[in-house]
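Read off the chains here:
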Amino acid sequence: MHPSEFELIFANADEQRFHNALKQASQAYLHAKQDHVYAGKADLIAIVTLFAIALLSYLPTLFTSSTLVYVSAYFIFVLLIMLLNVIGQHDACHNTLFKTRWKNRVFGRFVTLPLGLEPEFWRTRHVHYHHHYANIEHYDLDTEENGVFRQTPFQKWRPFMKYQHIYWPFVASLSLTWIALVFDWSDRTGKTRLKTQKVLEGKLGWSLFLASKLGHLILMIGLPLFFAHSHGISYTTIFITYLLSQMVASIFVIYLLLGTHWAEAQFFTAPDDKQIKHGWYHHNFVTACDWVPSPHYLWRLTGGLNYHLTHHLFPNWHHRHYPALAKILATLAQQHNMPYRCINYKQLVAAQLRFLRQMGEPPLS
């Protein structure tokens, strides 16, 4: 089946003047700084330093006889890896961490290995589907119906979902494991739309996929079972630490990624003729927002994901530019009557809770 059969076309709305103004202002900003759209030296140094610290934090898990040291070192390793995924891998999947595409791919494979994810499938889902079709039912693969909680008005409601605003954190804690065990294998076996993208084709693709999955099990469970257990760390501690660390990492990334597409956002279904009635810019403005943490410098720990609308309009720019781009966007949006929204973190959490409550209510018949 050809990929074009799945493509949606946005209306040729009156957005050209806004597009031109945004492009001109962003290029002027870049020219004034004599800069480029990729990561800067400071960002790369931070990435390398964090990666080295993460590797060093893993070593005590293999040689300590103290349960406290084992658990602490293991959690530090997983959380640092999760941070590297947020501040590095997200940029890498958009090819903005390094200027060379293969370096982005290699980095992504290293930092997703401890989480058990297949980076090529995640990149394809994120770049080719979520970014193109945010909040469009059956096209945005990040909001696929799962039967556990309802995240769009078009999905089936079940009575227990009226409590989803309560059990949501538990679902979020299992999201990365679900991606690794369900999404990745569904993508690998051709049961999803990714089969049209020809990701990891042939024997080489299968070999890389299986090697990555096996490498995850060896790194996160196999080596601790072989080394840590020989130093007195119990099997129970090894398995529980693995599960809990994956759950904590999952909560961290899911809260950053999904909240901005739930906070007072709109949802759509694809028309039969595949012609979206509004423009691409309007779609992004009504399906995402920017938010700012307090204190503001904490945005560095989000990898720029708090500037989520800005990211959707500038996906090929490294996140270090997002604060400046968000200011440009806010100014031009006001001038061109675009519904730009920037809220604080408290407002984001409150909006997310309202959304989950609303989706948990039975639909009006």
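Heads up: these notes are all about the structure in this document. Since the model is a prediction, treat every value here as computed from it, not as a measurement. (Residues numbered from 1 in each chain as written. Predicted model: local features only at pLDDT ≥ 70, side-chain atom pairs only at ≥ 80, totals over all residues. Heavy atoms only, no water.)

## Structural notes on the nonpolar core
Judged by nonpolar contacts, the single largest core of 46 residues is most densely connected at Phe-77, Val-78, Met-82, Leu-115, Trp-168, Met-220 and Trp-262. Elements that contribute at least two residues to this core include exactly α2 (41-58), α4 (67-93), α5 (101-112), α7 (164-173), α8 (175-188), α9 (202-228), α10 (235-258) and α14 (345-360). The leading source of residues in this core is α4, at 12 residues. Residues contacting Trp-262, with those up to four places away along its chain left out, are Phe-149, Gln-151, Trp-168, Phe-267, Gln-352, Phe-355 and Leu-356. Counting 24 residues, the second-largest nonpolar core is a separate cluster that includes Phe-18, Tyr-29, Phe-314 and Trp-317. (Core = buried A, V, L, I, M, F, W, Y, C linked by side-chain atoms within 4.5 Å. Buried < 20%, exposed > 50% of the residue type's maximum accessible area, 1.4 Å probe, protein only. Helix = DSSP H or I, 4+ residues; strand = E, 2+ residues; numbered from the N terminus. Contact = heavy atoms within 4.5 Å.)

## A closer look at the packing of aromatic side chains
For the structure on display, the rule yields 23 aromatic pairs. For the pair Tyr-29 and Trp-317, a centre-to-centre distance of 6.4 Å together with 25° between the ring planes defines the contact as stacked. With Tyr-29 in helix α1 (residues 16-33) and Trp-317 in the loop between α12 (308-313) and α13 (322-335), this residue pair connects regions lying 288 residues apart in the sequence. The same class applies to Tyr-29 and to Trp-317, which are both buried. Taken together, a centroid distance of 6.2 Å and an interplanar angle of 75° make the contact between Phe-149 and Trp-262 edge-to-face. Placement of the pair is Phe-149 in the loop between α6 (119-130) and α7 and Trp-262 in the loop between α10 and β2 (275-276), with a sequence separation of 113 residues. (Phe/Tyr/Trp six-rings, centres within 6.5 Å; stacked < 30°, edge-to-face > 60°.)

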